[in-house]
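Summary of the model geometry
The lines below spell out each chain.
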Amino acid sequence: VLLLEAGGEEPKVAEVPSFAPMLQRSSIDWNYMTQPSPHSCLARQQGQCYWARGKVMGGSSAINYMIYIRGSPEDYDEWAAMGNPGWKYEDVLPYFIKSEDNKNPDLVKLLYHGQGGYQSVEIYPYQDKNVFHIIDAFRELGLPEIDQNSEKQIGVSLLQGTQRHGKRQSTNSAFIRPIRRKRKNLRIETNAHVTRILIDPHKKTAFGVEYFKDGQLHKVTVKKEVILSAGAINSPQLLMLSGIGPSSHLFTHRIEVIHELPVGLNLHDHTTMDGLVFAISNKTATAVDDETRNADVHYYKETHRGPLSAPGALQINAFVQTKYEHSKDRPDIQYSFDSTNVKDFFTDPILTAQTNVNPLAYYDGLTVRPILLHPTSRGYILLNDTDPVFGPPVIYANTFTKEIDVLRMVEGVKQSLNLLHTKSLNKIGAQLVTIPLPACKHYEFDTDDYWACVAMSYTATIFHPVGTCKMGPKDDHSAVVDHKLRVHGIHHLRVVDASIMPKIPRGNTNAPTIMIAEKTSDDIKKHWLGKQGYSIEDRSPYEVHESDFDIHSWGL
């Protein structure tokens, strides 16, 4: 096995849960921007929204906010109903369980959770007083406190995260580090930028990849197969660079078309917005002076405890239904609570979002984020016209092109304002900040038109792009891979990442992506090693000791 990573090693600073915002726009982030749209990101510079994507060992799991949520059981039943056998909830649940090492068995429904897997999942070792007041506020409004990774989602919970004893546990630290120096059959190349997949145009068979490292172009040939796990932005880019995609687009870049497929389409994401801010009283605000911050840093280094061992109020999660949701048990809005410096944000909401340098532990306000769980708008990915290989892919997010998505967001805002009428939030002095945002001050504050303007002007995302290499049967003309994640029409090539999701789950996408990888790794072992290599109870990856790749290099 040869693993190629475009970025470098995961830095130690990424371990600190409260430092998550500072990893964005850093050297371990692809730093992507969307294309301007008349429906979203209108107040952002040049009308573009920023999309974080991890460029590091562990990918986006090394820079995300570590939330472990799987989505609704009906989400996966829907995938199966779209022509993907083996993807019903009863089929994928064992793979969620397989990877999990849940450290809080007393807080979850054990039937739905696992222990002993590679991926540690647990509540954070620190909660400030605001966390439980917000949970209690939702309970006052009638939401039950539940395990949201079981059969029901609608309710509120104290989140578990992909962290272990106060340190982030990315997929790199969970799955790769424990075996990296022990497996003779595993080789890892970092700072290796893959430029294309090598495909025999006559046999329609993938036989290797090319990648750029240290000023040289390297060629790797494989005996078994190529697995593409570059994510919902870069996986379609690499397929198109390799001659797989819409022929009309490939022709414009003079790329030989090996196989026509709808690569790059069906892009969708979990959209949210800035601008809905609750200020809290000085008694419960967690903002501190520099001396206290420095003391917290030293305390964390010694103990992995204290305020920096947690993501502040982002430990709270709530799922609700709006009046626009017609399914029985599935939510269409999720709520997260982001740490905010109120003065900074309302002085310059755009610059505050761009800098985002404060650890999550310290805040005097809460940005309430209604998150759109069931978007109907769809976008697409194209190659960069100037530099299709090394230039950033062109992202047409098309957020809010469907009116229903805006209506759900506005309703999500209005439901969240009910929290202000609870005794629990009164105890922390929570008040809606009524300063109108500059791009929307021509609307009356707190009207539907005002909040719709805020959503379309101060559009944000929780960075869950999916769908651009859609899974579906061969007769689905919008599908790129089959139910085994094999690229239609191409032998020995799979895509295994969030891009294969035909519809986005109603929850955070890190846990579902890990599940997809667990499930497909069993499919791969079954295909190449026979039935003896396929066991859902086997928590250790099968070892193959033969060398299965050859590397050749040319200087440029």
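Keep in mind the model is a prediction, meaning the values are calculated, not measured.

Next up on the list: the overall build of the chain. When helices and strands are tallied, the chain shows 14 helices and 27 strands. Taken against the 2.2 N^0.38 rule, which gives 24 Å for 556 residues, the C-alpha radius of gyration of the chain at 23 Å falls within 12% of a compact globule. Based on the C-alpha atoms only, the size of the chain along its principal axes is roughly 70 × 50 × 45 Å. Buried residues in the chain amount to 58% of all 556 residues. Within the chain, contacts between residues separated by at least 24 positions form 71% of all contacts whose residues are at least 6 apart in sequence. Split by element, the accessible area of the chain, about 22,900 Å² in all, is 51% carbon and sulfur. Averaging the positions of the 59 positive and the 64 negative side-chain charges in the chain gives two centres separated by 4 Å.

Counting along an α-helix, one turn takes 3.6 residues, and residues three or four places apart therefore face a common direction. Counting buried positions along helix 13 (residues 448-457) yields seven of ten residues, so the element is predominantly enclosed. Those residues of helix 13 not exposed but buried are Tyr450, Trp451, Ala452, Cys453, Val454, Ala455 and Ser457. Where helix 13 is buried, its residues contact strand 17 (271-273), helix 11 (403-416) and strand 25 (459-461).

Turning our eyes to something else, we now look at helix 6 (residues 231-241). With eleven of eleven residues buried, helix 6 lies mostly within the body of the structure. What helix 6 keeps buried is the set Gly231, Ala232, Ile233, Asn234, Ser235, Pro236, Gln237, Leu238, Leu239, Met240 and Leu241. Following helix 6 by one or two positions, Gly243 has its phi on the positive side, about 95°.

The next thing to look at is the UniProt feature "binding site: FAD" (unreviewed entry) in the chain. The feature "binding site: FAD" (unreviewed entry), as given by UniProt, occupies Val56 and Val194 in the numbering adopted here. A maximum C-alpha distance of 13.7 Å among these annotated residues, which run over 139 residues, shows that they cluster at one spot. With respect to the secondary-structure elements, Val56 resides in the loop between strand 3 (50-51) and helix 2 (73-81). The residues touching Val56, leaving out its near neighbours within four places in the chain, are Glu5, Gly7, Gly8, Glu9, Glu10, Pro11, Ile28 and Ala62. When you line up the elements, Val194 lands in strand 11 (residues 193-200). The contact partners of Val194, leaving out residues within four places of it in the chain, are Leu4, Val209, Glu210, Tyr211 and Leu238.

So, on to the sheet that holds strand 21 (residues 365-372). Read from one edge of the open sheet, six strands run 6-19-20-21-18-24, paired in antiparallel fashion. The sheet terminates laterally at strand 6 (155-158) and strand 24 (431-432), the two strands that pair on one side only. As paired strands, strand 18 (residues 277-279) and strand 21 are joined by three bridges and run antiparallel to one another. The residue of strand 21 that forms the bridge with Val277 is Thr367. Strand contacts of helix 4 (residues 129-140): strand 6, strand 19 (316-320), strand 20 (333-340) and strand 21, with the helix running at about 165° to strand 6, the strand carrying the most contacts. On the sheet, helix 11 packs against strand 18, strand 19, strand 20 and strand 21 and is oriented at approximately 145° with respect to strand 21.

Cut-offs applied
Residues numbered from 1 in each chain as written. Predicted model: local features only at pLDDT ≥ 70, side-chain atom pairs only at ≥ 80, totals over all residues. Heavy atoms only, no water. Helix = DSSP H or I, 4+ residues; strand = E, 2+ residues; numbered from the N terminus. Rg over C-alpha atoms; globule rule 2.2 N^0.38 Å. Buried < 20%, exposed > 50% of the residue type's maximum accessible area, 1.4 Å probe, protein only. Contact = heavy atoms within 4.5 Å. Areas by Shrake-Rupley, 256 points an atom, 1.4 Å probe, with all protein chains shown as cover. Lys, Arg positive; Asp, Glu negative; His and termini not counted. Charge placed at Lys NZ, Arg CZ, Asp CG, Glu CD. UniProt positions renumbered as here; feature names shortened; annotations may be inferred. Pairing = 2+ DSSP bridges. Axes fitted to C-alpha atoms, helices over the stretch in contact; angles between N-to-C directions.

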